[in-house]
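One-letter residues, chain by chain:
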Amino acid sequence: QVQLVESGGGLVQPGGSLRLSCAASGITFSAYTMGWYRQAPGKRRELVAQVTTVGSTNYADSVKGRFTISRDKAKYTVYLQMNSLRSEGTAVYYCNARHYLGVDSWGQGTQVTVSS
């Protein structure tokens, strides 16, 4: 059974940094594209960043140059380093594992609040 456990969320001031982690289990990690999505109150869930099985990355335009996604194959973990955070970054951040056949699995989410 796929299990994704996020950690690292919290309260941060505008301009600050956070690093989110997502530990995966129950999957063949190398067969999955890993990603981070976020959902702000009253808004649809949106893609933040993805890293493919071969290490290619994709970012939402709003986070390019500020966020970095990476994966550790030995630890079955994906990270999202978030720098220069803005208030519009306040959301629940979800880890996603997408199998190459198109099946999605989700974590429970971790709250990120950007506020002074």
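What you see is a predicted model; the values in this text were computed from it and never measured.

*Asks:* Describe the state of the cysteines, and please don't skip the residues or the numbers.
*Replies:* A covalent bond bridging the sulfur atoms of two cysteines is what the word disulfide describes. Tallied over the entire structure, the rule returns 1 disulfide. The disulfide that involves Cys22 links it to Cys95, with 2.1 Å between the sulfurs. Residues Cys22 and Cys95 are joined by a disulfide whose S-S torsion is about -80°; by sign, that bridge is left-handed. With Cys22 in strand S3 (residues 18-25) and Cys95 in strand S9 (residues 91-99), the pair connects residues that are 73 residues apart, well separated along the chain. Accessibility classification places Cys22 together with Cys95 in one group, the buried group.

*Asks:* Describe the environment of Arg19, listing the residues and the values that go with them.
*Replies:* With respect to the helices and strands, Arg19 occurs in strand S3. Among the residues examined, Arg19 registers a relative accessible area of 47% and is labelled partly exposed. Along the primary structure Arg19 and Ser105 are separated by 86 residues, whereas in three dimensions their C-alpha atoms are 21 Å apart. Leave out the neighbours within four places in its chain, and Arg19 touches Ser7, Gly8, Tyr79, Leu80 and Gln81.

Conventions we followed
Residues numbered from 1 in each chain as written. Predicted model: local features only at pLDDT ≥ 70, side-chain atom pairs only at ≥ 80, totals over all residues. Heavy atoms only, no water. Disulfide = S-S within 2.5 Å. Helix = DSSP H or I, 4+ residues; strand = E, 2+ residues; numbered from the N terminus. Buried < 20%, exposed > 50% of the residue type's maximum accessible area, 1.4 Å probe, protein only. Contact = heavy atoms within 4.5 Å.

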